[in-house]
Amino acid sequence: MRLKTGLRLRSQVCATEVIVVRPGSSEIDLTCGGHPMIGSKETPADGLDLKPELASGTLLGKRYTDKDNEIEILVTKAGAGSIADGLAPLLLKEAKPLPSSD
Amino acid sequence: MLLDMAATAFGDRVALGGRGDGITFEHLVRVSAGGATLLRSSGAERVAYLGGNSTAFPAVLFAAATAGMPFVPLNYRLGEDQLDGLLGELHGPVVVCDEAYQDVVARSGLKVHRSEEWLATAALAEPSEPVEVDDEAPAVLLFTSGTTSKPKAVVLRHSNLVSYVLQTVEFGSAEPAEAALTSVPPYHIAGVGTVLTNIYSGRRLVYLPNFSAGAWLRLVAAEQVTSAMVVPTMLARIVEELAGARAATPTLRSIAYGGARMPRPVLEKALAAFPDAGFVNAYGLTETSSTIAILSPDDHRTALLSPDPAVAARLSSAGRLVPGVEGEIRDSAGAPTGPGEVGELWVRGGQISGEYLGLGSVLDADGWFPTRDRACLDPGGYLFIEGRADDTIIRGGENIAPAEIEDVLIHHPAVKEVAVIGLPDIEWGERLTAVVVPAAHATPEPDDLRAWVRARLRGSRTPDEVIFRDGLPYTPTGKLLRRQLVAEIGSPTTYERT
């Protein structure tokens, strides 16, 4: 799929919800727990299970990125699945906070 | 979304108010949900807030968001007629206000809640489920300060504010003991920004309703405040209050300033008074959902210590653009300028609104917003703001930014405050008039001040006249009221001319 800044997505097999902070420039097969992520207001398909090899969990408020550090996905609700590009888990991004300005 | 995330992660931390008696993040969610029920029962479409800095302000802000209603903080210092006008533009909002303004609002026939009462009732009211609204729906309507034109309501969408927070703040990055002190009023974009960014960081918010330098210093100490945001006029009063002494504020690690130009002597005194605090210069507009450029504590230190004049000059800059915001300097024909050339600053990004209620968007076809600020970028990407394009003085066909001359005059030991304005002139079109507030016990000579400028700037920058006054007119948020000054000085009998 093609991501867009501000797009909100949810997992079909766990509580994970995310928002796209940086969409990157190429297509991505964004999954969580081994299944495609869907729009935050869409209903998950029946009969899907969390794949054990993609069940490391997501962390609230953390940013995830691909190996080229092109995209940035922020977790707004934590869950049991791992977010991945297809079956390749995304990487937890190190925080570089700006100084507080207001 | 932002508050829910915070409540999930650190629900039992204090979010608002005193260390001992404040409201926790969890309770803030409860108050917002109950408050949403109260707001929705009014049948109104918008929520206006008319009051000072207090716990009620963020609570109403989040309740309005929960209710899916745009939130409109109003300037409580406006006169009754102006307030009536703004309330009229909002088509019958439900109003939450401090007791002092209750009568004014009641006379307009609107549904009104007193803020303290509202807060108590909200905590007990049936909680509402959050109303799902589109990300592109308006979240906050904020009237601009109107120093250069009639106040206009800027439309800040959920997507603008969320973009600002997610791009510039790290979730839960505050330590449990951190606290932020807000002294800017709720109707200022920094007042709104501070709620969102600190709640998202997990940092407690402490409010000072009526600013005075002494009260600010006492509250920082009493509440063990770790970060604070002030406008330049406030910082000037704080360093004046300290009178050269070091501040006794051991917990204070960060002081952010913005909202108007910071006079360099004030900044230098503040750096000496708060040697352990990092200083942050934040530049932004209402239309850009608060901060779009930051001069960090490291930038301040580097500039102070650098032997390279180009690097040292950055102490007067607004720093670099924040992630997610692009900037470009364009000339009057709209073409991009080279490094160091002055033109108008245009910006683009998710947090940029550029839209006014009833007037539509001023973004160009590619999403760029003209800030109306004259600025330049140095080769390192540091942004220097000269001032509003509307303040430019045209003397003998030459464009002159008042700030250039003000920055020189403010360093004269006999000058405490200064404004340079253009007054109508038969020969020059506009003549350069420096309006000076002398330093205590100083009696500067106009010719000395003119010579001071002539020695440092091009001849065309030398003020044609110098006028002395006891004070200059500012908005309570520190913006110089240039047009008022021009109007006041237009009556020559009031002031001694030279």
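Model, not experiment: these values are computed from the prediction.

Rules used throughout
- Residues numbered from 1 in each chain as written.
- Chains lettered and ligands numbered in written order.
- Predicted model: local features only at pLDDT ≥ 70, side-chain atom pairs only at ≥ 80, totals over all residues.
- Buried ≥ 20, exposed ≤ 12 C-beta atoms within 10 Å, placed from the backbone.
- Helix = DSSP H or I, 4+ residues; strand = E, 2+ residues; numbered from the N terminus.
- Pairing = 2+ DSSP bridges.
- Right-handed = clockwise from strand over helix to strand, strands pointing away.
- Contact = placed C-beta atoms within 7 Å.
- Nonpolar A, V, L, I, M, F, W, Y, C, P; charged D, E, K, R; others polar.
- Axes fitted to C-alpha atoms, helices over the stretch in contact; angles between N-to-C directions.
- Parallel < 35°, antiparallel > 145°, perpendicular 65-115°, else oblique.
- Left-handed = near helix turned anticlockwise from the far one by under 90°.
- Domains from an automatic or database assignment.

As for the pairing of strand 9 (residues 179-182) of chain B
Residues in a regular strand project their side chains so that they alternate between the two faces of the sheet.
All names here are of chain B.
Logical step 1: Residue alternation in strand 9 divides its side chains into two sets, Ala-179 and Leu-181 and Ala-180 and Thr-182, and both sets are buried.
Logical step 2: Here strand 9 runs beside strand 10 (residues 204-207); their pairing, made up of 4 bridges, is parallel. Bridging across to strand 10, Ala-179 finds its partner in Arg-204.
Logical step 3: Once the chain exits strand 9 it traverses helix 8 (residues 189-201) before rejoining the sheet at strand 10, and the crossover so formed is right-handed.
Logical step 4: Relative to strand 11 (residues 227-230), strand 9 runs parallel, the two being bridged by 3 bridges. By the bridge assignment, Thr-182 is partnered in strand 11 with Met-229.

Some remarks on the interface of chain A and chain B
Logical step 1: Each partner contributes to the interface: chain A provides 15 residues, whereas chain B provides 34 residues.
Logical step 2: Broken down by class, the residue content of the side of chain A that touches chain B amounts to 8 nonpolar, 6 polar and 1 charged.

Thoughts on the packing of helix 14 (residues 402-409) of chain B against helix 15 (residues 446-454) of chain B
Residues and elements named next belong to chain B.
Logical step 1: Between helix 14 and helix 15, the shortest axis-to-axis distance is 9 Å and the interhelical angle comes to 110 degrees. What the angle tells us is that helix 14 and helix 15 run roughly perpendicular. For the element pair helix 14 and helix 15, the recorded crossing hand is right-handed. Facing helix 14, whose interface residues are Ile-405, Val-408 and Leu-409, helix 15 presents Leu-449, Trp-452 and Val-453.
Logical step 2: Class assignment of the residues belonging to the contact of helix 14 with helix 15 gives a composition of 6 nonpolar, no polar and no charged.

Digging into the domain arrangement of chain B
Residue and element names in this part refer to chain B.
Logical step 1: What the domain assignment lists for chain B is domain 1 (2-299) and domain 2 (392-494).
Logical step 2: Taking only C-alpha atoms into account, the centre of domain 1 sits 34 Å from that of domain 2.
Logical step 3: Taken together, the contact pairs 16 residues of domain 1 with 12 residues of domain 2.
Logical step 4: The set of elements that each furnish at least two residues to the side of domain 1 that touches domain 2 consists of helix 10 (232-242) and helix 11 (264-273).
Logical step 5: In terms of residues, the side of domain 1 that touches domain 2 owes the most to one element, helix 10, which gives 3 residues.
Logical step 6: A per-class count over the side of domain 1 that touches domain 2 returns 8 nonpolar, 5 polar and 3 charged.

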